[in-house]
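Coordinate inspection notes
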Amino acid sequence: MPLYIGVMSGTSLDGLDIALIDQDQRPHLLATLYRPMPEQLRSDLLALCTSGDNELARAAIAEQRWVELAAAAINELLQQQNLTAQQIRAIGSHGQTVRHEPARGFTIQIGNPALLAELTGICVVADFRRRDVAAGGQGAPLVPAFHHDLFGNSQRQVAVLNVGGFSNLSLLSPGQEVLGFDSGPGNVLLDAWIQHCQGLAYDRDGAWGASGTVHPELLKRLLSDPFFATQGPKSTGRELFNLDWLLGHLQALPQLAGEDVQATLVELTARSVVSALRNAQAHTDALLVCGGGAHNACLMKRLNEMLAGTEVSSTATEGVDPDWVEAMAFAWLAHCALEGTAGNRPSVTGAKGLRVLGAIYPA
């Protein structure tokens, strides 16, 4: 029973998700651990998403702190499960994305895998995205191949929606290759706006957004961004959708109540997802939602309302906790790398062909 650990730190920068899986015929989640991101580290990582002084040194220091956090969490999880480092075949570490610009030929995830291997005594597989970008792909999303492995045995037309900082869709049709792409913002603008207005990290259960009213003119302006009119393969990040982008649109409008802006941002996420889904897959029997957005009751309500005839639920209905799907995916990608199996799908990323993803750092 080969055991793998996946480490996921997404664009929301809220913390590290650590998932332990066994990979036999199919991946199976055994245990999890969540480690909140220290505020100073979060601030340092967020600052690296835009240009600034002394970036190389700041990035090197930040990734050391990130790795120390990840290693401590991994060692704690092993202790909790009465496992030794020698019993884990590999860690799949996503690292922390600080830049994602595939149109310019690069994507950057920091996370010092050599140090992570030293601190844990476990083989580390990391830097998954750059090989796909080198092959002409978007480098994202990478989870559709995993979604297909986990949920693709149905005879129904299924879509998997991952709502982290950004939203991505995986389209699973019986007998066909998986399709997928980023559909736009997920939680990134919702988190940024509530932090800007109230100093809170996120809108718990979507309650603040649910208290507001959608502003039609603001929604129209937000949806006018050219990204929403493009077809996949496509991916996006903080380089496009960020607080400054939102504030720029708000400047052209009368001052709006904070909760109304939040409600409009929920609607932006919902409409961009639904529009992209309908354009790519005419009929969907079931939409399985994972990531933090699965807990946003306001967003889930809108998806249900807009997708009449589609069963909308979290991946929990398929026996997989929505909070851990992405961390599981990077554990699975580590398995693929060690087995020499392609982890990308050209139908998703637009790469020239199948590629084995990840650089391997032996223990």
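Residues numbered from 1 in each chain as written. Predicted model: local features only at pLDDT ≥ 70, side-chain atom pairs only at ≥ 80, totals over all residues. Heavy atoms only, no water.

**Let's talk about the overall build of the chain**
- A tally of helices and strands in the chain yields 13 helices and 12 strands.
- Over its C-alpha atoms the chain spans a radius of gyration of 20 Å, differing by no more than 12% from the 21 Å that the globule rule assigns to 363 residues.
- Principal axes of the C-alpha set define a box for the chain whose edges measure 60 × 50 × 40 Å.
- Per-residue burial for the chain yields a buried fraction of 56% across its 363 residues.
- Residue pairs at least 24 apart in sequence account for 69% of intrachain contacts in the chain once pairs closer than 6 positions are excluded.
- If you sum the accessible surface of the chain, you get close to 15000 Å²; carbon and sulfur atoms cover 49% of it.
- Taking the average place of the 24 positive charges on the side chains of the chain and the average place of its 36 negative ones, the gap between the two points comes to 6 Å. (Helix = DSSP H or I, 4+ residues; strand = E, 2+ residues; numbered from the N terminus. Rg over C-alpha atoms; globule rule 2.2 N^0.38 Å. Buried < 20%, exposed > 50% of the residue type's maximum accessible area, 1.4 Å probe, protein only. Contact = heavy atoms within 4.5 Å. Areas by Shrake-Rupley, 256 points an atom, 1.4 Å probe, with all protein chains shown as cover. Lys, Arg positive; Asp, Glu negative; His and termini not counted. Charge placed at Lys NZ, Arg CZ, Asp CG, Glu CD.)

**Quick look at helix 12 (residues 325–339)**
- The terminal C-alpha atoms of helix 12, which comprises 15 residues, lie 21 Å apart, in line with the 21 Å expected from a rise of 1.5 Å per residue.
- Summarising burial for helix 12: 12 of the 15 residues are buried, a large majority.
- By the burial criterion, the buried members of helix 12 are V325, A327, M328, A329, F330, A331, W332, L333, A334, H335, C336 and A337. (Expected span 1.5 Å × (residues − 1).)

**Topic: the UniProt feature "binding site: ATP" (unreviewed entry) in the chain**
- As annotated in UniProt, the feature "binding site: ATP" (unreviewed entry) corresponds to G10, T11, S12, L13, D14, G15, L16 and D17 in the numbering used here.
- Here G10 is to be found in the loop between strand 1 (3–9) and strand 2 (15–23).
- Using a relative accessible area of 23% as the deciding quantity, one classes G10 as partly exposed.
- Inspection of the secondary structure puts L13 in the loop between strand 1 and strand 2.
- With relative accessibility at 1%, the residue L13 sits in the buried group.
- If we skip the residues at most four places from it in the chain, L13 touches M37, R42, L45, L46, Q96 and R238. (UniProt positions renumbered as here; feature names shortened; annotations may be inferred.)

**Focus on the nonpolar core**
- Among the nonpolar cores identified, the biggest contains 43 residues, and L169, L265, L287, V289 and L303 are the most heavily contacted of them.
- Within the residue set of this core, elements represented by two or more residues are strand 7 (158–163), strand 8 (166–172), helix 6 (188–198), helix 8 (216–223), helix 9 (243–250), helix 10 (258–280), strand 10 (286–290) and helix 11 (297–306).
- Of all the elements, helix 10 adds the most residues to this core, at 9 residues.
- Here L287 is in contact with A159, L161, L169, L277, L303, L307, T310, E311, V312 and S313, once residues within four sequence places are set aside.
- Within the second largest apolar cluster, 35 residues are counted, among which are L77, I91, L116 and V124. (Core = buried A, V, L, I, M, F, W, Y, C linked by side-chain atoms within 4.5 Å.)

**Comments concerning the packing of helix 2 (residues 55–80) against helix 3 (residues 113–120)**
- In the contact formed by helix 2 and helix 3, the axes pass within 9 Å of each other and the chain directions differ by 35°. When the axes of helix 2 and helix 3 are compared, the crossing they make is right-handed. Together, Q64, V67, E68, A70, A71, I74 and N75 of helix 2 and L115, L116, L119 and T120 of helix 3 make up the contact between the two elements.
- Looking at the contact of helix 2 with helix 3, its residues break down into 7 nonpolar, 3 polar and 1 charged. (Axes fitted to C-alpha atoms, helices over the stretch in contact; angles between N-to-C directions. Left-handed = near helix turned anticlockwise from the far one by under 90°. Nonpolar A, V, L, I, M, F, W, Y, C, P; charged D, E, K, R; others polar.)

**Some remarks on the side chain of Q23**
- As for its placement among the helices and strands, Q23 is situated in strand 2.
- Excluding residues that lie within four positions of it along the chain, Q23 makes contacts with P2, Y4, W332 and H335.

**Quick word on the domain arrangement of the chain**
- In terms of domains, the chain is made up of domain 1 (1–138 + 323–359) and domain 2 (140–316).
- One C-alpha centre belongs to domain 1, the other to domain 2, and the line joining them spans 23 Å.
- Each partner contributes to the interface: domain 1 provides 30 residues, whereas domain 2 provides 33 residues.
- At the surface where domain 1 touches domain 2, the tally comes to 0 salt bridges.
- One can count 12 residue pairs in polar contact (both at pLDDT 80 or more) joining domain 1 with domain 2.
- Looking at the side of domain 1 that touches domain 2, the elements that each hand over two or more residues are helix 1 (39–47), strand 4 (88–101), helix 12 and helix 13 (346–349).
- Of the residues that constitute the side of domain 1 that touches domain 2, the class distribution is 14 nonpolar, 8 polar and 8 charged. (Domains from an automatic or database assignment. Salt bridge = Lys/Arg side-chain N within 4 Å of Asp/Glu carboxyl O. Polar contact = N/O pair within 3.5 Å; in protein donor to acceptor, adjacent residues only side chain to side chain.)

**Observations concerning the state of the cysteines**
- Under the defined criterion, the tally for this structure stands at 0 disulfides.
- Residue C336 stays outside any disulfide, its sulfur separated by 14 Å from that of C123, the closest cysteine.
- According to the relative accessible area criterion, C336 is buried, its value standing at 4%. (Disulfide = S-S within 2.5 Å.)

**Regarding the pattern of salt bridges**
- As enumerated under the stated definition, the model contains 12 salt bridges in all.
- The partner of E217 in a salt bridge is R221, and the shortest N-O contact between them spans 3.4 Å. Taken together, the positions of E217 and R221, both in helix 8 and 4 residues apart, correspond to about one turn of that helix.
- A salt bridge links R302 to E305; the nearest nitrogen and oxygen atoms lie 2.6 Å apart. Taken as a pair, R302 and E305 lie in helix 11 at a separation of 3 residues, close to a single helical turn.
- According to the relative accessible area criterion, R302 is partly exposed, its value standing at 22%.
- Beyond isolated ion pairs, a larger network of salt bridges with shared partners links E267, R271, K301, R302 and E305.

**Remarks on the pairing of strand 7**
- Of all the 6 residues making up strand 7, 6 are buried; the element is thus mostly covered by neighbouring parts of the structure.
- Residue alternation in strand 7 divides its side chains into two sets, V158, V160 and N162 and A159, L161 and V163, and both sets are buried.
- Hairpin connection between strand 7 and strand 8: a loop of 2 residues separates the two successive antiparallel strands.
- Alignment of strand 7 against strand 10, held across 5 bridges, turns out to be parallel. By the bridge assignment, V160 is partnered in strand 10 with L288. (Pairing = 2+ DSSP bridges.)

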